[in-house]
Amino acid sequence: MLPKAHDLGQIKSRILLFGGPYSNLAATQAMLAKATELDIDKNHIICTGDIVAYCAEPELTSQLIKESGIAVVMGNCEESLSQKNMDCGCGFEPGMMCSTLSKKWYDYADAQITDDSRLWMDTLPPAITFQMNQYQFRVIHGGVQQINQFIFASTESQIKKQDLEQAGTDIIIGGHSGLPFGQKIGLGGWLNSGVIGLPANDGTSLVWYLLLTPDKEGFIASWHQLEYDYKKTAQSMLKNGLTEYAETVLTGFWPSQDILPEAEKMNRGREIQIANLAFK
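Conventions adopted
Residues numbered from 1 in each chain as written. Predicted model: local features only at pLDDT ≥ 70, side-chain atom pairs only at ≥ 80, totals over all residues. Heavy atoms only, no water. Salt bridge = Lys/Arg side-chain N within 4 Å of Asp/Glu carboxyl O. Helix = DSSP H or I, 4+ residues; strand = E, 2+ residues; numbered from the N terminus. Buried < 20%, exposed > 50% of the residue type's maximum accessible area, 1.4 Å probe, protein only. Pairing = 2+ DSSP bridges. Axes fitted to C-alpha atoms, helices over the stretch in contact; angles between N-to-C directions. Core = buried A, V, L, I, M, F, W, Y, C linked by side-chain atoms within 4.5 Å.

Participant: How should the pattern of salt bridges be read in this particular structure?
Facilitator: A pair can form between side chains of opposite charge whenever their charged atoms are brought close. Under the defined criterion, the tally for this structure stands at eight salt bridges. The partner of Glu37 in a salt bridge is Lys34, with the nearest N and O atoms 3.2 Å apart. With Glu37 and Lys34 both in helix H1 (residues 25–37) and three residues apart, the pair spans about one turn of that helix. Assessed through its relative accessible area of 60%, Glu37 is described here as exposed.

Participant: Explanation requested: the sheet that holds strand S6 (residues 135–139) in the structure shown.
Facilitator: Strand pairing in a sheet takes place through backbone hydrogen bonds and is either antiparallel or parallel in direction. Within the open sheet, the six strands sit side by side as S1-S5-S6-S7-S9-S8. Their pairing is mixed. Two strands bound the open sheet, and with one partner strand each, they are strand S1 (6–10) and strand S8 (181–185). With strand direction ignored, the average angle separating the axes of adjacent strands in the sheet is 15°. Of the strand pairs in this sheet, S8 and strand S9 (residues 188–192) are connected by five bridges, and their pairing is antiparallel. Within S9, the position partnered with Phe181 by the bridge is Asn192.

Participant: Mind showing me how you'd approach the nonpolar core here?
Facilitator: Nonpolar side chains in soluble globular proteins tend to end up buried together. One finds Leu16, Phe18, Ile70, Val72, Trp105, Tyr209 and Met237 to be the most contacted residues of the largest nonpolar core, which totals 50 residues. Considering each element in turn, this core owes the most residues, six residues, to H1. Residues Ile11, Phe137, Leu210 and Leu277 belong to the second largest nonpolar core, which totals 30 residues.

Here's what the structure looks like:
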């Protein structure tokens, strides 16, 4: 049985979704400013979780997201911090470089986050649902049954289809894998919003978000790049000893590709081009 989701009801105007603020205060500020520029109400903005991770302002980023009033799905980082776990719960296998690197930033974040923020994180829902025209959506962090499951564009369609069937929904939107993509699965689809806290391993400093725009019968999904003051973020990270991921912020390359399937590894440094998807 699926955990109860927070339902936003019928959405009749554009909705903005983004994942992984990752303690990147400058990117989060830029994302909220872009939402204002696009005239998107705070009630139509959803974060797919992992507010806190690799960058250097975990508490300030958490406060900003909380005070913004937007909807937030619990990510594995929020789950771990709220429960005062010893690691981030990202799903990295022991011995992976990602596992080694995560200890440094998680210990740093764990020391910065206040009890008030932990209590708030503990209230976040495991999923958010809404409807746009005839389509039912379920926004999650990783997988339908597993909060830290990595789902990529190259992940087998059958796995995505099974999750859609288990969720009893038309469209699933996730964020945990950090790479934006969109695929039609039968009459529905699986979308990843991308994340704003780190680049998408494409050799640029830009980050990604997702817009859903209703039309007469369905909706259009479109992915967009976000510019922000990445040098400011990197300087703060370097000042606080978070050197490996500061390099990622500056160069656009991940320090490790341990979690990536072969298809995604082959795309390292390549320009990401995602066509709009129209659901009718």
